[in-house]
Amino acid sequence: FYTSLYNYYYHRGLIPLIGKGIVELTSLFFTLGLSVFLFAYLDWYKLVQCTDERSCEEKLSDYVIDKPFSQKSLYNLLVILYCLLFLLYGIFSTFTFIASISDALTARTFFEDKLGIDTRKLEGGSIEWDDIVQKTITLQKKWTMSYRYT
């Protein structure tokens, strides 16, 4: 619980946390797509042969392999394993991002309803972590006291 509170505080609210997650996931899946293109679909042998205007093809599409995985080879197996590992990591990162949003929503509710800290104060940086800890301790003491005497 305290980890999600600090994470919410550190990112200064829900919107920056979501923005960070979207940028990270976009970067991750863009890297995966670019890697697949560079490793599997680009004909590096033809491209290396291109040294001047006469030895080069006219269009970039002439350097793209139509069916890169049609032949079995160790290189293709390594590319497929790389892509699968990267994809699994991307899926794991997506689920982690969704879980962090859920935790951040809980933290936002706690900040606003229990601690009385507005999102604007958090985004503006006008509140320190020490203040949040002190308010949480005070809230916990109040709750413990009211629980004992009821």
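Up top you'll find the structure we're talking about.
It should be emphasised that the depicted structure is a prediction, and the values quoted were computed from it without experimental measurement.

Re the overall build of the chain
Thought 1: In terms of helices and strands, the chain carries six helices and zero strands.
Thought 2: Tracing the chain from N to C terminus, the helices and strands come up as α-α-α-α-α-α.
Thought 3: Relative to the globule expectation of 15 Å for 150 residues, the C-alpha radius of gyration of the chain, 26 Å, shows a markedly less compact shape.
Thought 4: Across its three principal axes, the chain shows a C-alpha extent of roughly 85 × 30 × 20 Å.
Thought 5: Within the span of the chain, comprising 150 residues, buried residues form 25% of the whole.

Here's the deal with the layout of surface pockets
Thought 1: The calculated volume of the largest pocket comes to roughly 280 Å³.
Thought 2: Breaking the lining of the largest pocket down by element, the ones donating at least two residues are helix 2 (14-41) and helix 4 (74-114).
Thought 3: The leading source of residues in the lining of the largest pocket is helix 2, at six residues.
Thought 4: Tallied by class, the residues present in the lining of the largest pocket amount to five nonpolar, six polar and two charged.

Brief notes about the pattern of salt bridges
Thought 1: Taken as a whole, this structure holds two salt bridges when the rule is applied.
Thought 2: We note a salt bridge from Lys 20 to Glu 24, for which the minimum N-O separation is 3.1 Å. Of this pair, Lys 20 and Glu 24 are both found in helix 2, four residues apart, which corresponds to roughly one turn of the helix.
Thought 3: A residue is classified by how much of its surface remains accessible, and Lys 20, at 38% relative accessible area, is partly exposed.

Concerning the state of the cysteines
Thought 1: Counted according to the given criterion, the structure contains one disulfide.
Thought 2: Through a disulfide, Cys 50 is tied to Cys 56; the S-S separation comes to 1.5 Å. Where Cys 50 bonds to Cys 56 through sulfur, the torsion about that S-S bond is close to 85°, and the disulfide is right-handed.

Structural notes on the packing of helix 1 (residues 2-10) against helix 4
Thought 1: Close contact between helix 1 and helix 4 brings their axes to 9 Å; oriented N to C, the two are set at 85°. With respect to each other, helix 1 and helix 4 are oriented roughly perpendicular. Residues Ser 4, Leu 5, Tyr 8 and Tyr 9 of helix 1 pack against Asp 103, Ala 104, Ala 107, Arg 108, Phe 110 and Phe 111 of helix 4.
Thought 2: For the contact of helix 1 with helix 4, a count of residues per class yields seven nonpolar, one polar and two charged.

Remarks on the environment of Lys 141
Thought 1: When you line up the elements, Lys 141 lands in helix 6 (residues 129-148).
Thought 2: Taking the C-alpha atoms as reference, Lys 141 lies 47 Å from Phe 86; in sequence the two are 55 residues apart.

Comments concerning helix 2
Thought 1: In a regular helix each residue adds 1.5 Å, so 28 residues correspond to 40 Å; helix 2 covers 39 Å between its end C-alpha atoms and thus fits that length.
Thought 2: Listed as buried for helix 2 are Leu 14, Leu 17, Gly 21, Leu 25, Leu 28, Leu 32, Ser 35, Val 36 and Ala 40.
Thought 3: Looking at the packing, one finds that the buried side of helix 2 touches helix 1 and helix 4.

Rules and cut-offs
- Residues numbered from 1 in each chain as written.
- Predicted model: local features only at pLDDT ≥ 70, side-chain atom pairs only at ≥ 80, totals over all residues.
- Heavy atoms only, no water.
- Helix = DSSP H or I, 4+ residues; strand = E, 2+ residues; numbered from the N terminus.
- Rg over C-alpha atoms; globule rule 2.2 N^0.38 Å.
- Buried < 20%, exposed > 50% of the residue type's maximum accessible area, 1.4 Å probe, protein only.
- 1 Å grid on protein atoms, 1.4 Å probe; cavity = no way out; pocket = protein on both sides within 12 Å on 5 of 7 lines; lining within 4 Å.
- Points joined across faces, edges and corners; volume = space filled by probe spheres on them.
- Nonpolar A, V, L, I, M, F, W, Y, C, P; charged D, E, K, R; others polar.
- Salt bridge = Lys/Arg side-chain N within 4 Å of Asp/Glu carboxyl O.
- Disulfide = S-S within 2.5 Å.
- Axes fitted to C-alpha atoms, helices over the stretch in contact; angles between N-to-C directions.
- Parallel < 35°, antiparallel > 145°, perpendicular 65-115°, else oblique.
- Contact = heavy atoms within 4.5 Å.
- Expected span 1.5 Å × (residues − 1).

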